[in-house]
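The primary structure of each chain is shown beneath.
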Protein chains: 4
Amino acid sequence: MRLIYFFFFMLITVGSFAQAKPRESLDPTVSEIWDLKPVKVTPAKNVGDAPSDAIIIFDGKNLNEWTSLDGTPARWEVKEGIFTVAKGTGDIKTKKTFGDIQLHIEWRAPTEIVGEGQGRGNSGIFLQERYELQVLDSYESVTYSNGQAGSIYKQSIPLVNATRKPGEWQTYDVIYTAPRFSENGRVVSQAKITVIHNGVLIQNDTQIWGPTEYKGLPVYQSHGKASLKLQDHGNPVSFRNIWIREL
Amino acid sequence: MRLIYFFFFMLITVGSFAQAKPRESLDPTVSEIWDLKPVKVTPAKNVGDAPSDAIIIFDGKNLNEWTSLDGTPARWEVKEGIFTVAKGTGDIKTKKTFGDIQLHIEWRAPTEIVGEGQGRGNSGIFLQERYELQVLDSYESVTYSNGQAGSIYKQSIPLVNATRKPGEWQTYDVIYTAPRFSENGRVVSQAKITVIHNGVLIQNDTQIWGPTEYKGLPVYQSHGKASLKLQDHGNPVSFRNIWIREL
Amino acid sequence: MRLIYFFFFMLITVGSFAQAKPRESLDPTVSEIWDLKPVKVTPAKNVGDAPSDAIIIFDGKNLNEWTSLDGTPARWEVKEGIFTVAKGTGDIKTKKTFGDIQLHIEWRAPTEIVGEGQGRGNSGIFLQERYELQVLDSYESVTYSNGQAGSIYKQSIPLVNATRKPGEWQTYDVIYTAPRFSENGRVVSQAKITVIHNGVLIQNDTQIWGPTEYKGLPVYQSHGKASLKLQDHGNPVSFRNIWIREL
Amino acid sequence: MRLIYFFFFMLITVGSFAQAKPRESLDPTVSEIWDLKPVKVTPAKNVGDAPSDAIIIFDGKNLNEWTSLDGTPARWEVKEGIFTVAKGTGDIKTKKTFGDIQLHIEWRAPTEIVGEGQGRGNSGIFLQERYELQVLDSYESVTYSNGQAGSIYKQSIPLVNATRKPGEWQTYDVIYTAPRFSENGRVVSQAKITVIHNGVLIQNDTQIWGPTEYKGLPVYQSHGKASLKLQDHGNPVSFRNIWIREL
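S.K.: Any details on the overall build of chain A? Residues and values, ideally.
M.R.: The helix and strand tally for chain A stands at one helix and 17 strands. Against the 2.2 N^0.38 benchmark of 18 Å for 247 residues, chain A shows a C-alpha radius of gyration of 25 Å, more extended than a compact globule. Counting only C-alpha atoms, chain A reaches 85 × 40 × 40 Å along its principal axes. Looking at the 247 residues of chain A, the share that counts as buried comes to 62%. For chain A, contacts bridging at least 24 residues in sequence account for 64% of all contacts bridging at least 6. Total accessible area on chain A is roughly 10200 Å²; 54% of this is exposed by carbon and sulfur atoms. Across chain A, the centroid of the 27 positively charged side chains sits 3 Å from that of the 27 negatively charged ones.

Below, the structure written as structure tokens:
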């Protein structure tokens, strides 16, 4: 019996060396892939500006790419290459709809500090009209951590607080993966988001629990492509240089 | 029997409405998190420069943060705020070792085009000394797709080709998650990498198959924190503005 | 100028065909990996029983592998190969601590139905003492969806309701990945869980938001390996055939 | 100036305590979700058998759910509740096509050992006709590790070797997530697979690199729903009890 085991181990040993070639002798071209050529994209001269394949959502001149939620023209104020929430005119959203995207957006809380906590420099970027990346002047304001700038509102706290002072322009570079739903409407894979705030990673492949809710817990409901929505929270937050690359 | 079912459904119906409060009536403060405050990080004035919590791996003056692989001083050339591969002096690596990181690095292929394919402007950024993010002048050169700039070498093709011309500075913004190993040395979760090249997403949460191999397939082997390594492939590729944030 | 482009495209075309070998001509042995041999594990004769490398947490005879939370001996009732919550004796946890695991556990809600909603056949399996996979008689009872059997309590609703009748034995087959924390205590990757309930997938790579909370939202706090904990919720829920494989 | 800071810190401190309620005082019903009820599924009496919502791909009687690759009837041998590869009749695939699935399948390598390595008891389960979960008698045979039973063929080695002897029935319980492609055909998220072999976890949320290739590296190409395919590798491997749940 032990003899049999001995032979068995011999077999393994000999077999292994007999059949496996030493790595050095392998043909290196076998691990080359030639059949798929990535599309050429021309990056912007300055990082932060739109590359050649981006969809320009705001070009500094008008809100033609945007609409109010009821379908009427967007009524926020456009001036000197930026646009600003016009209090009481309501949220606005893009006419185009999106799934997985890379998003660049720049925003600025008002220089003059008015209000406290969630009432100061508050707006929001709703991915697919549902999942809010918070915009807030939380530079030195006091609010709950999952409600500060860069949070996934009422869900995920940013890794660090990389906010600039009110009145300074800030950037969000976002990689967003839309949720997937089964045919019966069940969420199969949750939405995911990575956010770089002013060059600093603040959300790292964060799973989104469901649509943003002010009260209670989020619950996914099936949807397809949807707009990018910006929130009118009553504060004159400004935006500029918004572009999207569809992934 | 049917009566029993009827009562059962009544129970469900009544039960549901009796116990669940309407969302509007919920206390919104319950979904606020106050107990965890993210650390404050001061972003750089210009996106791309190091934020306040970054480890500066190259400050433009010397290679004091680097060493040759054999432990002797790094011998690449430092001049005018950049450093350049000195052919034949070998790879260099950081003295500090890292796990999960955010990395910013800028590189430039030589203006004068010399060589073809993998022989033109070739270097490489090895995360944890093992996993290569390719550096190459593949702007208009011909090579295999999983060997062009921005590829995980011999593994993952970049989503698009966002390369600049030789002689122009290029940026990689990298989010890297180190692999995890079990106590018996088995890989439990593979390394993951997201790369933004000149502002364009080219690797989106890509799983790395194992250590980079020129020949044959990669196989993970257990390791801890490790250096960032740059490759001397014999071409005078330059680097500048390198910083790392530990995650 | 157009001529230049023409030559450029010729270069690409010729280059591609010149350098890439047709797939059929490649050496197939290059994509074979011989250097790493998985350890041999002998599966149980009956699926559901412990394979050869499992840690037996309950062998049907005693609670020697368990302790009360205060370190005193576990006082739940052991009888005829199963053990049962002894009301008022408190939660119990394993003496051994764990990180990433495969877990098999069988449980049974009392045959005699007593109570309603969360008061009927309630217990819970706390991974790493913090993250609760709910145990409940929710076969035909009315409760909130993220509190029914198979939910990650107050977080994730099971994909389907695969519960058996009270009095019948049920199985959970669990694949659990522990959260990872950075050196400063920040969560770097959240805990993940896959649960198969009586053979039916009910949690599919679900991210856990943080430690289970009865009130308010969960917030991660750094921890290392920890015990498996079972909850005394005052109902005589029974358990048997519990084993763990460390991953 | 210092006075201002003092007041600022007072504000933070007071603000924090003033606005955040202690966790104990929160309303626990806010984190209950009542609006979404998971569908009821009746599990099989014996784990391993099909639950009520499964699609039966083989009922033990005939191959009516299968076809040859050219569309003609499947010609493998059905006998005594199992079916067996009929050498030379070619691969077979399901008439139904699938995306994300839970799959249960049982297989048996021939009792009489014939051949060596990849020539012994070889078949394969191709998810979506492209991604092979290897079937092989590698119990005590010598082959490459990423080609043994339970490997993702020529890609991922199983975590452990949980194979039974030739002639014994073996189970694969599979959770499969199909790859997602962008509108331009680029892979956006790779396929993922978890495999439990005879009750033992052998693939844990493994990313699949692309379609299985015998020579060279895999490259994703866009596709939609597709069949489950079984391989005729010339060996009389048998199958039984195959069911699929669409996720």
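Next comes the rest of the description.
S.K.: Would you mind going over the pattern of salt bridges in detail, with residue names and values included?
M.R.: If the charged atoms of two oppositely charged side chains come close together, the side chains can form a pair. A full pass over the atoms with the stated rule returns 52 salt bridges over all chains. Asp53 of chain D serves as the salt-bridge partner of Arg245 of chain D, at 2.8 Å between the closest nitrogen and oxygen. Within this pair, whereas Arg245 of chain D is found in strand β17 (residues 238-246), its partner Asp53 of chain D is found in the loop between β1 (39-40) and β2 (55-58), the two being separated by 192 residues in sequence. Taking the relative accessible area as the measure of exposure, Asp53 of chain D reaches 31% and is therefore partly exposed. Here Lys225 of chain D ties to Glu246 of chain D by a salt bridge, and the two come within 3.8 Å at their closest N and O atoms. Residue Lys225 of chain D is located in the loop between β15 (200-207) and β16 (229-230), and its partner Glu246 of chain D is located in strand β17; the two are separated by 21 residues in the primary sequence. Given a relative accessible area of 37%, Glu246 of chain D falls into the partly exposed group. Each of the salt bridges in this network shares a partner with another, and the network as a whole consists of Lys192 and Asp205 of chain A together with Lys192 and Asp205 of chain B.

S.K.: Could you give an account of the interface of chain D and chain C, with specific residues and numbers?
M.R.: For interface size, the figure often reported is the accessible area lost on association. Taken together, the contact between chain D and chain C spans 59 residues of the former and 58 residues of the latter. Carbon and sulfur atoms make up 56% of the area that chain D and chain C hide from each other, which totals about 5000 Å². Here chain D is connected to chain C by 34 residue pairs in polar contact (both at pLDDT 80 or more). Secondary structure elements with two or more residues in the side of chain D that touches chain C: β1, β10 (160-161), β11 (170-177), β14 (192-197), β15 and β17 of chain D. Here the element with the most residues in the side of chain D that touches chain C is β15 of chain D; it accounts for four residues.

S.K.: So, the confidence of the model for chain A: which residues are in play, and what are the values?
M.R.: The predicted model of chain A averages 91 in pLDDT, with 92% of residues at 70 or higher. Across the predicted assembly, pTM comes out at 0.91 and ipTM at 0.91.

S.K.: Go over the sheet that holds strand β3 (residues 66-68) of chain B, please, and point to the residues and values.
M.R.: Residue and element names in this part refer to chain B. Spatially, five strands are ordered β3-β6-β16-β8-β9 in an open sheet, and the strand pairing comes out antiparallel. Two strands in the sheet have a free side with no partner beyond their single neighbour: β3 and β9 (131-135). Pairing geometry for strand β8 (residues 123-127) and β9, over five bridges, is antiparallel. The partner of Ser123 across the bridge, within β9, is Val135.

S.K.: With reference to specific residues and values, describe the interface of chain B and chain A.
M.R.: With 58 residues of chain B in contact, the opposing surface of chain A contributes 58 residues. Across the interface of chain B and chain A, roughly 5000 Å² is buried in total on both sides, 56% from carbon and sulfur atoms. Linking chain B with chain A are four salt bridges. Note that Glu213 of chain B is salt-bridged to Arg23 of chain A, the shortest N-O span being 3.6 Å. One can count 34 residue pairs in polar contact (both at pLDDT 80 or more) joining chain B with chain A. Every element with two or more residues in the side of chain B that touches chain A is listed here: β1 (39-40), β10 (160-161), β11 (169-177), β14 (192-197), β15 (200-207) and β17 (238-246) of chain B.

S.K.: An account of the relation of the copies chain D and chain C is needed here, citing residue identities and associated values.
M.R.: The transform that puts chain D on chain C rotates by 180 degrees and translates by 0.0 Å along the axis, for an RMSD of 0.0 Å. When the rotation and shift are considered jointly, the pair of chain copies conforms to a two-fold rotation axis. Looking at the interface residues of chain D, 98% of them are also at the interface in chain C, so both copies use one shared face.

S.K.: Go over the pairing of strand β9 (residues 131-135) of chain A with me, naming the residues and quoting the values.
M.R.: The side chains of a regular strand alternate, first on one face of the sheet and then on the other. Residue and element names in this part refer to chain A. Across the five residues of β9, five count as buried, placing the element largely inside the fold. With burial as the criterion, each face of β9 is covered, one bearing Tyr131, Leu133 and Val135 and the other bearing Glu132 and Gln134. Connecting the antiparallel pair strand β8 (residues 123-127) and β9 is a turn made up of three residues, with Gln128 showing a positive phi of about 50 degrees.

S.K.: Give a description of the sheet that holds β9 of chain A that names residues and reports values.
M.R.: Residue and element names in this part refer to chain A. As summarised here, the arrangement of the five strands in space is β3-β6-β16-β8-β9, forming an open sheet in which the pairing is antiparallel. Two strands lie at the open edges of the sheet, namely β3 (66-68) and β9, each paired on one side alone. Bridging between β3 and strand β6 (residues 92-94) involves three bridges; their strand directions are antiparallel. The residue bridging Thr67 from the neighbouring strand is Lys93, located in β6.

S.K.: Go over the environment of Val135 of chain D, please, and point to the residues and values.
M.R.: Residues and elements named next belong to chain D. Note on placement: Val135 falls in strand β9 (residues 131-135). Along the backbone, Val135 and Lys229 are 94 residues apart, and their C-alpha atoms lie at a distance of 12 Å. When sequence neighbours within four positions are dropped, the list of residues in contact with Val135 reads Trp107, Gly121, Asn122, Ser123, Gly124, Ile125, Tyr172 and Val237.

S.K.: So, the domain arrangement of chain A: which residues are in play, and what are the values?
M.R.: Segmentation of chain A into domains returns domain 1 (1-37) and domain 2 (39-246). Its C-alpha centre places domain 1 of chain A at a distance of 52 Å from the equivalent point of domain 2 of chain A.

S.K.: Pulling in residues and values, what's your account of the environment of Gly121 of chain B?
M.R.: Here Gly121 of chain B lies in the loop between β7 (101-108) and β8. Distance from Gly121 of chain B to Tyr139 of chain B, taken between C-alpha atoms, is 10 Å for residues 18 residues apart in sequence.

S.K.: A description of the packing of aromatic side chains should follow, citing residues and the corresponding values.
M.R.: According to the stated counting rule, one finds 46 aromatic pairs over all chains in the structure shown. Three or more aromatic residues link up through ring pairs in this structure, and these residues are Phe58, Trp66, Trp76, Phe83 and Phe239 of chain A. For Lys229 of chain C, the ring lying beneath its charged end belongs to Phe126 of chain C, and the centroid distance is 4.4 Å.

S.K.: Can you lay out the pairing of β8 of chain B for me, pointing to particular residues and giving the numbers?
M.R.: Residues and elements named next belong to chain B. The buried fraction of β8 is high, at five of five residues. Residues Ser123, Ile125 and Leu127 line one face of β8 and the alternating positions Gly124 and Phe126 line the opposite face, and both faces are buried. Relative to strand β16 (residues 229-230), β8 is paired through two bridges, and the arrangement is antiparallel. Bridge pairing in β16 links Ile125 to Leu230.

S.K.: Help me get a handle on the relation of the copies chain B and chain A, residues and values and all.
M.R.: Take chain B, turn it by 180 degrees, move it 0.0 Å along the axis, and it overlays chain A with an RMSD of 0.0 Å. The overlap is high: 100% of the interface residues of chain B also sit at the interface in chain A, so the same surface is used on both sides.

S.K.: Could you give an account of unusual backbone geometry, naming the residues involved and the relevant values?
M.R.: All names here are of chain A. Phi angles above zero are rare outside glycine, and Glu80 is one such case at about 50 degrees. As for its placement among the helices and strands, Glu80 is situated in the loop between β4 (77-79) and β5 (82-84). The backbone of Gln128 shows a phi angle near 50 degrees, a positive value even though the residue is not glycine. One can find Gln128 in the loop between β8 and β9.

S.K.: Which residues make up the environment of Thr72 of chain C, and what are the values?
M.R.: Residue and element names in this part refer to chain C. Of note, Thr72 is situated in the loop between β3 (66-68) and β4 (77-79). You can call Thr72 partly exposed: its relative accessible area is 33%. Put simply, Thr72 and Asp59 are 13 residues apart on the chain and 20 Å apart in space, counted from C-alpha to C-alpha.

S.K.: Any chance you could break down the side chain of Gln170 of chain D for me, citing the residues and the numbers?
M.R.: All names here are of chain D. Along the chain, Gln170 turns up in strand β11. Residue Gln170 is classed as buried on the basis of its relative accessible area, which comes to 1%. A polar contact is formed between the side chain of Gln170 and the backbone nitrogen of Arg164, at a distance of 3.0 Å. Residues within four places of Gln170 in sequence aside, it is in contact with Ile105, Glu106, Trp107, Ala162, Thr163, Arg164, Lys165, His197 and Asn198.

What counts, and where the lines are drawn
Residues numbered from 1 in each chain as written. Chains lettered and ligands numbered in written order. Predicted model: local features only at pLDDT ≥ 70, side-chain atom pairs only at ≥ 80, totals over all residues. Heavy atoms only, no water. Helix = DSSP H or I, 4+ residues; strand = E, 2+ residues; numbered from the N terminus. Rg over C-alpha atoms; globule rule 2.2 N^0.38 Å. Buried < 20%, exposed > 50% of the residue type's maximum accessible area, 1.4 Å probe, protein only. Contact = heavy atoms within 4.5 Å. Areas by Shrake-Rupley, 256 points an atom, 1.4 Å probe, with all protein chains shown as cover. Lys, Arg positive; Asp, Glu negative; His and termini not counted. Charge placed at Lys NZ, Arg CZ, Asp CG, Glu CD. Salt bridge = Lys/Arg side-chain N within 4 Å of Asp/Glu carboxyl O. Buried area = accessible area lost by both parts, 1.4 Å probe. Polar contact = N/O pair within 3.5 Å; in protein donor to acceptor, adjacent residues only side chain to side chain. pLDDT = per-residue confidence, 0-100. Pairing = 2+ DSSP bridges. Least-squares fit on C-alpha atoms with pLDDT ≥ 70 in both. Domains from an automatic or database assignment. Phe/Tyr/Trp six-rings, centres within 6.5 Å; stacked < 30°, edge-to-face > 60°. Lys NZ or Arg CZ within 6 Å of the ring centre and 35° of its normal.

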